[in-house]
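Listed below, chain by chain, are the residues.
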Amino acid sequence: MIFDCNPIGATMSSTFSALQVVFITALVTVLEFSANTKGQTTEGLFRRQVNCVGEVVSRNQCPVQVQTTTVGKCAAWCLQRDGCLGFVRDSSQGECHLCVATARPDCTNTQPASPGEKAYELIACMTNGGTSSFSGTCKCPSGFGGNGCQIQMKDCDGWQEAGYPNGVYWVRPSLNTEAFRVRCSMEWNRTVIMSRTSNTLDFNRSWVDYRDGFGDVEGDHWLGLENIRLLSQPQPYPCLVIQFTLSNFSFYIARYLGFGLSDETGNYALDFHESKCLSPPMGDCLGSVKGKPFSTYDADHDDDGGGSCAALHQSGWWFGGCTMCNPTGVMTQPADMQASGNPEEVFWKPGLDGLSPQKVEMFLKDCQ
Ligand SMILES: *[C@@H]1O[C@H](CO)[C@@H](O)[C@H](O)[C@H]1NC(C)=O
Ligand SMILES: *[C@@H]1O[C@H](CO)[C@@H](O)[C@H](O)[C@H]1NC(C)=O
Ligand SMILES: *[C@@H]1O[C@H](CO)[C@@H](O)[C@H](O)[C@H]1NC(C)=O
Ligand SMILES: [Ca+2]
């Protein structure tokens, strides 16, 4: 058993229960926020409540109480709590009440302020183009998240750190490009870029399909070379992982550290710094095609002269000469796991010669 190659279980972070009244003493050092004379934090994430003069958000909307000395520390606590949209600061008591709602325009969820009480509301959701809803969440534009839409979700890691479960999420790896949807497997910290669990999705596809992606991110799919490139920019992605699973549930993993792709003018040439855990049984397949462009049947950039590896293998891949591996070939899923030997079939000869997998997955991960 090579532990380095096996996924290790992760525990999900617990989230804040809005109904539970929790008393926390602020002994922990938290982010320091300084407040200017207008009561708006210098980070610009909170402002004094702008409507409902003389009122603060009703206490039943503010279930968490924290002892603190400064407005800035209240703000820091609020940012750390899922669902916190503002707080009521009571300077006479040295208390801060973290709220799951801001004051409604009609002030129906407020109560008169006691002496020393001031209400603050999170405005970050507005600064990032989001809007606040009075049900206790910010409505964030695609690819932003966190209490106040303040986190740019570059990949699944951002959603995971914010406590979200497995699922499909919008990510925005670059502020200059559109957000797109990816499948996130949180227990293994995976941003999925290819999923093949059945033989129904055709992978004999054109350049445009491989560039833009195909299939359904909820199920079997190829995320698309352009989106994969964006995920590995401007820094190379820590780790590309390719996993084959046989019908007897044994699985095999190859990792490539420091993964990136060139842009379309370079035909999405493959780059990585180092291959890892490539000792048998999986074996290395990308070492020989490092730096090679991607090819499809209608965009032949291989080293096979007039022949087309993509047409031969009915797939799209980084071919040099026609390859030792064909993860995007035809899935046959034979019960006896035995490959037919036909060139269009999925195969990975270095370590799995003669075997035909039940599943093939590719994902990006922060592995070391
Ligand atoms: C997933 O990421 C979290 C947070 O970075 C880390 O604590 C955990 O060990 C990771 N789990 C795996 C399986 O890599
Ligand atoms: C692969 O797709 C192309 C374009 O649709 C088609 O011409 C070719 O025949 C396909 N190959 C096979 C073996 O189905
Ligand atoms: C599954 O099959 C492969 C290939 O024959 C074999 O090496 C592996 O040990 C098998 N795994 C199990 C759990 O039987
Ligand atoms: Ca060729």
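The residue count restarts for each chain, going from 1 along the sequence in the order it is written. Each chain is given a letter, starting from A, and each ligand a number, starting from 1, according to the order in which they appear as written. Note on the predicted model: pLDDT of at least 70 is required for a residue's local features to be given, and 80 or more for side-chain atom pairs to be given and counted; whole-chain, interface and lining totals, by contrast, use all residues. Note that water and hydrogens are dropped before the side-chain values are worked out from all heavy atoms of the structure.

Turning our eyes to something else, we now look at the overall build of the chain. Numbering of helices and strands runs from the N terminus, with a helix taken as a DSSP run of H or I at least four residues long and a strand as a DSSP run of E at least two residues long. If you tally the helices and strands in the chain, you get seven helices and 24 strands. Note on classification: 1.4 Å probe, protein chains only; a residue is buried when its accessible area is under 20% of the maximum for its type, exposed when over 50%, partly exposed between these limits. Per-residue burial over the chain gives 50% buried out of 368 residues.

The next thing to look at is the environment of Ser315. Mapping Ser315 onto the fold places it in the loop between helix H6 (309–313) and strand E23 (317–318). Relative accessible area serves as the criterion here: at 1%, Ser315 is assigned to the buried category. Separated by eleven residues in sequence, Ser315 and Asn326 place their C-alpha atoms 7.3 Å apart. Contacts are residue-level and defined by heavy atoms, with any inter-residue pair within 4.5 Å sufficient. When near neighbours in sequence (up to four residues on either side) are disregarded, Ser315 contacts Phe203, Tyr210, Ser295, Thr296, Ala310, Asn326, Thr328 and Gly329.

Geometry of aromatic contacts follows a simple scheme: Phe, Tyr and Trp rings, the Trp one being its six-membered ring, pair when their centres are within 6.5 Å, and the pair is stacked under 30 degrees between planes, edge-to-face over 60, tilted otherwise. For the coordinates displayed, the defined rule picks out 16 aromatic pairs. Taken together, a centroid distance of 5.3 Å and an interplanar angle of 55° make the contact between Phe46 and Phe87 tilted. In this pair, Phe46 is assigned in strand E2 (residues 46–48) and Phe87 in strand E5 (residues 86–90), connecting sequence segments 41 residues apart. For the pair Phe46 and Phe87, one class covers both residues: buried.

Another aspect to go through is the site of ligand 2. Any residue with a heavy atom positioned within 4 Å of a molecule or strand is treated as near that molecule or strand. Taken together, Asn204, Tyr297 and Gln314 make up the full set of residues near ligand 2. Here, Shrake-Rupley sampling with a 1.4 Å probe gives the accessible areas, and only protein chains in the shown set may cover a residue. Contact with the protein chains removes 36% of the 360 Å² of surface that ligand 2 exposes when unbound.

Let's shift gears to the confidence of the model for the chain. The predicted coordinates should not be examined in detail at positions where pLDDT is low. With 85% of its residues at a pLDDT of 70 or more, the chain has an overall mean of 84. pLDDT is a residue-level measure of predictor confidence that goes from 0 to 100. Predicted confidence is poor over residues 1–43, with pLDDT under 50, and the contacts of this stretch with residues over four places away or in other chains come to 78 contacts.

Taken together, Leu246, Asn248, Ser250, Tyr252, Met337 and Leu355 are the residues near ligand 3. Between Asn248 and ligand 3, the recorded distance is 2.3 Å, taken from a side-chain N or O atom to an oxygen atom. We define a polar contact as two N or O atoms separated by no more than 3.5 Å, with the added condition that, inside protein, one atom must be a possible hydrogen donor and the other a possible acceptor, whereas residues neighbouring each other in sequence contribute only through side-chain atom pairs. Take Ser250: an N or O atom from its side chain is 2.7 Å from a nitrogen atom of ligand 3. When its residues are assigned to classes, the shell around ligand 3 shows four nonpolar, two polar and no charged. For this classification, Asp, Glu, Lys and Arg are treated as charged, while Ala, Val, Leu, Ile, Met, Phe, Trp, Tyr, Cys and Pro are nonpolar and the rest, including Gly, are polar.

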